[in-house]
Amino acid sequence: MPSGRRPRPLVRPVFHHTTLATLKLDEMVVFYEKIAGLEPVYYSSGGAWLTNDAANHRIALLALPDLRAPEDKGHTAGLHHTAFEYANFDQWLDNYLRLRDEGIVPFLNLDHGMTMSMYYQDPEGNGVEIQVDGFGDWAAGKEWMWASQEFGDNPIGVYFDPERLVEARDDGLDFTEIHRRARAGEYEPAVKPEVHLPELW
């Protein structure tokens, strides 16, 4: 590398949004409002720009002309999922119950250690992760990922059944204990699903 060149920006930009091309614009707008409270700032026949915070948009949906349906989308290279994070365990689990009662259920649930995560699919087959921080502190979670042998040995994480988390909370267990037990494999489902996105096309 030439002298004086920096390997990364001196001031790092902050991640702002993801843009998805879609054949199912109206269904996608409805889905993202349900899954994470994203509402259109602008919505037309050609696209929609959605946000759930102070930003002008976090997800852009473009109904581009001449789009083709993907082939074997769940097993090809590319974006696997976009993630949203809840501030605490109760909000996260309550969101699972809200979506479940509307017939929207995750296809994959993993305790990664630094997060507990449920994975959904939008109408186009794109993954959407809804997570809660496992440490309640991003610095602590980052340190754990970097330093722990546990993460190095199993970066994917431990499968869990969200209904068993609901039962554990109803029995009076707090997040710390539920997280510990999930990491120990106490809430694993009877059948472990594929990590691949299910093929919807």
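Residues numbered from 1 in each chain as written. Predicted model: local features only at pLDDT ≥ 70, side-chain atom pairs only at ≥ 80, totals over all residues. Heavy atoms only, no water.

Position of Asn-52 relative to the elements: it lies in the loop between strand E3 (47–51) and strand E4 (59–62). A relative accessible area of 36% places Asn-52 in the partly exposed class. As a C-alpha pair, Asn-52 and Gly-37 span 15 residues in sequence and 5.7 Å in three-dimensional space. Setting aside residues no more than four positions away along its own chain, Asn-52 makes contact with Ala-36, Gly-37, Leu-38, Arg-58 and Phe-84. One polar contact links the side chain of Asn-52 to the main-chain carbonyl oxygen of Ala-36, over a distance of 3.0 Å. (Helix = DSSP H or I, 4+ residues; strand = E, 2+ residues; numbered from the N terminus. Buried < 20%, exposed > 50% of the residue type's maximum accessible area, 1.4 Å probe, protein only. Contact = heavy atoms within 4.5 Å. Polar contact = N/O pair within 3.5 Å; in protein donor to acceptor, adjacent residues only side chain to side chain.)

Turning our attention to the sheet that holds E4. With mixed pairing, the four strands of this open sheet are ordered in space as E1-E4-E3-E2. Here the strands that pair on one side only, and so sit at the sheet edges, are strand E1 (18–21) and strand E2 (39–44). Averaged over all pairs of adjacent strands, the angle between their axes in this sheet comes to 15°, without regard to strand direction. Here E2 runs beside E3; their pairing, made up of five bridges, is antiparallel. Looking at E3, one finds that Tyr-42 is bridged to Trp-49. Sheet strands touched by helix H1 (residues 25–36): E1, E2, E3 and E4. Its angle to E2, the strand with the most contacts, is close to 170°. (Pairing = 2+ DSSP bridges. Axes fitted to C-alpha atoms, helices over the stretch in contact; angles between N-to-C directions.)

Turning to the pattern of salt bridges, a few remarks are in order. Scanning the model with the defined rule gives 12 salt bridges in all. A salt bridge links Arg-100 to Asp-101; the shortest N-O distance between them is 3.0 Å. Residue class for Arg-100 comes out partly exposed when judged on its relative accessible area of 30%. Salt bridges sharing common partners tie together Lys-34, Arg-98 and Glu-102. (Salt bridge = Lys/Arg side-chain N within 4 Å of Asp/Glu carboxyl O.)

A word on the pairing of strand E8 (residues 127–133). The element E8 is extensively covered by neighbouring structure, given that seven of its seven residues are classed as buried. The alternating pattern of E8 places Gly-127, Glu-129, Gln-131 and Asp-133 on one face and Val-128, Ile-130 and Val-132 on the opposite face, and all of these are buried. Note that strand E5 (residues 81–86) and E8 share six bridges and pair parallel. Counterpart to His-81 in the pairing with E8 is Gly-127. Between strand E7 (residues 115–121) and the antiparallel strand that follows it, E8, lie five residues; Gly-125 among them carries a positive phi value of about 95°.

The next point concerns the pairing of strand E6 (residues 108–111). The two faces of E6 match: Leu-108 and Leu-110 on one face and Asn-109 and Asp-111 on the other face are all buried. Examined bridge by bridge, E6 and E7 share four bridges and lie antiparallel to one another. Bridge pairing links Leu-110 to Ser-117 in E7. Hairpin connection of E6 to E7: three residues between the antiparallel strands, including Gly-113 at a positive phi of 100°.

All right, on to a nonpolar patch on the surface then. Together, Leu-23, Leu-200 and Trp-201 give the surface a local cluster of nonpolar side chains, amounting to about 290 Å² of exposed area. Take Leu-200: it is sitting in the segment after helix H6 (175–183). Judged by its relative accessible area of 46%, Leu-200 falls in the partly exposed class. (Patch = residues over 30% accessible without salt bridge, like charges linked within 9 Å, V, L, I, M, F, W, Y side chains within 5 Å. Areas by Shrake-Rupley, 256 points an atom, 1.4 Å probe, with all protein chains shown as cover.)

Our next topic: the nonpolar core. Grouped together as the largest cluster of nonpolar side chains are 35 residues, with contacts concentrated most on Tyr-32, Ile-35, Trp-92 and Tyr-120. For this core, the secondary structure elements donating two or more residues are H1, E3, E4, helix H2 (89–101), E7, E8, helix H5 (162–170) and H6. If you tally residues by element for this core, the top one is H1, at seven residues. Leave out the neighbours within four places in its chain, and Ile-35 touches Asn-95, Arg-98, Leu-99, Ile-104, Tyr-120, Val-128 and Ile-130. Of all hydrophobic cores here, the second largest spans six residues; its members include Leu-108, Leu-110, Tyr-159 and Leu-197. (Core = buried A, V, L, I, M, F, W, Y, C linked by side-chain atoms within 4.5 Å.)

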